[in-house]
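Secondary and tertiary structure notes
Residue strings, one per chain:
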Amino acid sequence: MTHVEDELADQPACWARAASQAARYAKVLPVPGERVAIVGCGTSYFMAQAAAALREGAGQGETDAFAASEFPHGRRYDRVVALTRSGTTTEVLDLLSRLRGRTATTAVTADPDTPVRTAADDLAVLDFADERSVVQTRFATTALTLLRAHFGLHPDTAVTDARTALTEPLPERLVECGQFTFLGRGWTVGLAHEAGLKMREAALAWAESYPAMEYRHGPISVSTTGTATWMLGDAPDGLAEQVRGTGALWIAGRLDPLAELIRAQRLAVAVAASRGLDPDSPRHLTRSVILAP
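Within every chain, residues take consecutive numbers counted from 1 along the sequence as written. Local features in this predicted model are restricted to residues whose pLDDT is 70 or higher, and side-chain atom pairs enter the listing and the counts only when it is 80 or higher, whereas totals over whole chains, interfaces and linings include all residues. Think of the side-chain values as coming from all heavy atoms in the structure, minus any hydrogens and water.

**Looking at the overall build of the protein**
Here is the rule we go by: Working definition: helices are DSSP H or I runs of at least four residues, strands are E runs of at least two. Numbering for both runs from the N terminus. Values of the radius of gyration come from C-alpha atoms, whereas the globule rule sets the reference at 2.2 Å times the count of residues to the power 0.38. Partly exposed residues are those whose accessible area sits between 20% and 50% of the maximum for their type, while under 20% is buried and over 50% is exposed, using a 1.4 Å probe and protein chains only. Residues are treated as being in contact if the distance between any of their heavy atoms lies within 4.5 Å. Residue burial considers only the protein chains on display, and all accessible areas are found by Shrake-Rupley using a 1.4 Å probe. Charge counting treats Lys and Arg as positive and Asp and Glu as negative, with His and both chain ends excluded. Where a charge sits is defined by one atom per residue type, namely NZ (Lys), CZ (Arg), CG (Asp) or CD (Glu).
Across its full length, the protein carries 11 helices and 9 strands. Relative to a compact globule of 293 residues, whose C-alpha radius of gyration would be 19 Å, the protein shows 18 Å and is just as compact. For the C-alpha atoms alone, the extent of the protein along its principal axes is close to 55 × 40 × 35 Å. Considering the protein as a whole, with its 293 residues, one finds that 58% of them fall into the buried category. In the protein, once contacts between residues fewer than 6 apart in sequence are set aside, the share between residues at least 24 apart is 72%. Counting only carbon and sulfur atoms, one obtains 50% of the accessible surface of the protein, whose full area is about 12,000 Å². Distance between charge centres in the protein, computed from 29 positive and 35 negative side chains, equals 2 Å.

**Points about the nonpolar core**
The tendency in soluble globular proteins is for nonpolar side chains to be buried side by side. Worth spelling out the cut-off: In this text, buried Ala, Val, Leu, Ile, Met, Phe, Trp, Tyr and Cys residues form a nonpolar core when linked through side-chain atoms within 4.5 Å.
Residues Val108, Phe180 and Phe182 are the most contacted members of the largest nonpolar core, which totals 82 residues. By residue number, the principal contributor to this core is helix H11 (residues 257–274), which donates 9 residues. Residues contacting Phe182, with those up to four places away along its chain left out, are Ala192, Ala195, Gly196, Met199, Glu208, Ser209, Tyr210, Trp230, Leu232, Ala264 and Leu267. Grouped together as the second largest cluster of nonpolar side chains are 10 residues, Ile220, Met231, Ala248 and Trp250 included.

**Overview of the environment of Arg163**
Mapped onto the elements of the fold, Arg163 is located in helix H7 (residues 157–167). Remark: the alpha-carbon pair of Arg163 and Gln11, spanning 152 residues in sequence, is separated by 8.4 Å.

**Considerations on the pattern of salt bridges**
Where charged atoms from two side chains of opposite charge approach closely, those side chains can pair. Put simply, the rule is: By definition here, a salt bridge exists when the distance from a side-chain nitrogen of Lys or Arg to a carboxyl oxygen of Asp or Glu is within 4 Å.
Tallying each qualifying case throughout the model produces 13 salt bridges. In this structure, Glu260 and Arg263 form a salt bridge, with 3.1 Å as the shortest nitrogen-oxygen distance. Taken together, the positions of Glu260 and Arg263, both in helix H11 and 3 residues apart, correspond to about one turn of that helix. Among the residues examined, Arg263 registers a relative accessible area of 3% and is labelled buried.

Next comes the structure, spelled out in structure tokens:
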């Protein structure tokens, strides 16, 4: 079993533990009414997108998400939350350094014994969700679960659905597809982007991701026999029929959307195996991006 497979299989336990610890970090995570930005890089950025949409959609305050390198320093926020598995990513540390003394910052990390300890004002530590793999799975979804629970939006069914996502077979013919499109709405747009990234990282697959309604404005043109379109969350009316009309395989999201992401992670590993690739050794990637000064 690869590190990726081992770690993605551990997600139900990690989510349950993170949800139980949400109250412990209540004082360092956003409170209702604060203007908040959530930042990250790569996978963490997509989790930030999902968390920001959840919080603002729940009426808890204006919430933006940015890649750490693209943070708009002309805007003022009450708190910036940085998602960083390694605690060493250059762009995150640079941003936290620039914000020190003028904006409250919290880092959600798997490794507190890193430069992020002194770069951020406060830490939320998920060391039990740390990973050996380059490709992120359990830390990212556990960090999002912590935030969902903190926002009061973690459903009781999420962990149960995560277990289901690990055991039920993937849809027939899916692994053999030559192109994959992932779609989301609202907070699940970030999950769709992350699903596409997993396919590219682990399996070198042609994978795209879009807001569901935007998919019809051009991207649907790549859908045909031998491709797959996967909806994370509820699909807009008529979209499934339109996709099937292209000849593409339509995959409906039936589980909690974060559990659906586990199914997409499993797909990435399965496609990698079918292509003779090692998902623990993704091409051109390292566990943390540290730029030379």
